[in-house]
Structures are given as structure tokens and as C-alpha cells.
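# Observations on chain architecture
Spelled out from the first residue to the last, the chains are:
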Amino acid sequence: MVKKASESLVVMTELVLPNDTNNFGNLMGGRLMYWMDIAAALAAMKHCAAPVVTASVDNISFETPIKIGNVVHIEAKVTRAFNSSMEVHMNVWGEDAIQQYRYKSNEAYYTFVALDPNGKPRSINALEPETDDEKKLFEGALRRRQIRLILGGKMKPEDADELKALFVK
Ligand SMILES: CCCCCCCCCCCCCCCC(=O)SCCNC(=O)CCNC(=O)[C@H](O)C(C)(C)COP(=O)(O)OP(=O)(O)OC[C@H]1O[C@@H](n2cnc3c(N)ncnc32)[C@H](O)[C@@H]1OP(=O)(O)O
């Protein structure tokens, strides 16, 4: 079965409360990553209709702090499905609901693996990108997968054909 990228869309909204912040009154990075993990896992489950586990989290840059009392918006969507794993892209914004403005906080890629009832990786639906943005993310996903598998010790650099093609014509 092939599912559209848009079918996996998850939008999560949270309010930054005192217990979520550091001594500067900014949202803690770890709390944000926790919310992102949940939003991305839900997007992955919408795509594969199975329980999932987080296999890896790519680097996250915290561009702009999100202040106490602000709102956090997380948008998560599956970019590409492989055999049992899928990459989820997220955009995160902060919002001052009183002054009524929104600002970009960060973006990230998480990878999830679908599990069968025995807790083993299972095959998943293919994914079809539709919009230009979805197609761009879909195309880059193979390269990003090879980078994270090399870093995770699951792939030899010499086997990363998609990455090598960037440098060797
Ligand atoms: C009772 C029912 C209730 C239902 C209700 C549902 C409730 C559900 C709620 C969910 C909401 C919360 C969601 C939070 C989710 C967590 O936080 S889960 C906790 C943190 N994560 C973990 O504990 C995962 C621990 N790791 C593992 O279990 C295993 O290493 C993995 C990830 C399953 C991989 O297993 P493995 O035996 O190494 O498998 P292997 O055949 O080598 O690879 C399988 C796939 O993993 C990929 N992979 C392996 N390592 C990596 C890596 N480092 N980077 C990227 N991909 C990798 C491979 O590329 C491969 O992909 P495909 O080529 O098949 O597409």
C-alpha cells in the first residue's frame, strides 16, 4: 500500500509552563525534544499503522529560545519510508499569543522503526510525496539515512552510494 505524505501530518500545540523552563525562563531543550519525539512518533504511526520506536535523532539546533508563557507548535510529517524505518521531519515554532506573533524555533529529523507483535522490525507502507516541498524532502532522505547509518555504525562509508554520488561525477 502507498500512503501520501500529507496523511501522516501531526500538529501538536503545548503551552510553556514554569516546570518546563530553565532559570532564564526559556523552554528546556530536553522538554522540547520529548514533545518532538511524541509528535514524530504519532506521525510515524499514522503512516505505518503499527507501534514504533525511535531509532535515531539527527542534530537539533535551538535557533530561538521559546519563553515561558509562549505556545509551542510542532508540525511533524513522514518524508520517506524505507523497509521498516521512516524519516519524520519537524518544524517547531514559538508563539506569543498575547502579542500575536509566531517565530521559528528549530527543525529536526527523527527516524522511527515499525515493530511487529514480537517487537521485531516489520515492513511498512511506501510513501508518495505530492507537493514540491515533500518531493525535496523525499529526495534528500536517502542521503540523510546513509549519513545516520554511517554515524550509527550500521553502514560502511564505502557502501554509501547516494553520498558518494555527491562528490564523484
Ligand atoms: C501493545 C500495543 C500498543 C500500541 C500502542 C502504540 C504505542 C506507541 C507509543 C509511541 C509513542 C511514544 C514514542 C516514543 C518512542 C520511543 O522513545 S522508543 C524508546 C527509544 N528507542 C528505543 O528504545 C529503540 C531501541 N533500538 C531498537 O529497538 C533497535 O535498535 C531498532 C531501532 C528497532 C533497530 O533494530 P535492529 O535489530 O538493529 O534492526 P536492523 O534490522 O539493523 O534495522 C532495522 C531498521 O532500523 C534502521 N536503523 C537501525 N539503526 C538505525 C539508526 N541508528 N538510525 C536510523 N535508522 C536505523 C535500519 O536502517 C533498518 O531500517 P530499514 O532498512 O528496515 O528501513
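The name recorded for the chain in an unreviewed UniProt entry is Acyl-CoA thioesterase, from Ferruginibacter yonginensis.

### Considerations on the UniProt feature "domain: HotDog ACOT-type" (unreviewed entry) in the chain
On the UniProt side, "domain: HotDog ACOT-type" (unreviewed entry) is annotated at positions that read residues 6–118 here. For residues 6–118, helix accounts for 18% and strand for 43%, while the C-alpha atoms at its two ends are 29 Å apart.

### Points about the site of the ligand
Taken together, 18 residues sit near the ligand, with Thr54, Asn83, Ser84, Ser85 and Lys154 positioned nearest. A distance of 3.2 Å separates an oxygen atom of the ligand from a polar atom in the side chain of Asp37. At 3.1 Å, a side-chain N or O of Ser56 approaches a nitrogen atom of the ligand. For the ligand, the protein covers 52% of the area, taking 1,300 Å² as the surface of the free molecule. When contributions to the shell around the ligand are tallied by element, the ones reaching two or more residues are helix 1 (29–48), strand 3 (52–57), strand 6 (101–114) and helix 2 (132–151).

### Remarks on the sheet that holds strand 5 (residues 85–96)
In sheet architecture, strand pairing relies on hydrogen bonds along the backbone and comes in two forms, parallel and antiparallel. Here we have five strands laid out as an open sheet, ordered 2-4-5-6-3, and antiparallel in their pairing. Of all the strands in the sheet, just strand 2 (10–15) and strand 3 have a single pairing partner and so form its edges. Shown here is a sheet whose adjacent strand axes are inclined to one another by a mean of 30°, direction ignored. Where strand 5 meets strand 6, 12 bridges bridge the pair, whose relative direction is antiparallel.

Scoring rules and cut-offs
- Residues numbered from 1 in each chain as written.
- Predicted model: local features only at pLDDT ≥ 70, side-chain atom pairs only at ≥ 80, totals over all residues.
- Heavy atoms only, no water.
- UniProt positions renumbered as here; feature names shortened; annotations may be inferred.
- Helix = DSSP H or I, 4+ residues; strand = E, 2+ residues; numbered from the N terminus.
- Near = heavy atom within 4 Å.
- Polar contact = N/O pair within 3.5 Å; in protein donor to acceptor, adjacent residues only side chain to side chain.
- Areas by Shrake-Rupley, 256 points an atom, 1.4 Å probe, with all protein chains shown as cover.
- Pairing = 2+ DSSP bridges.
- Axes fitted to C-alpha atoms, helices over the stretch in contact; angles between N-to-C directions.

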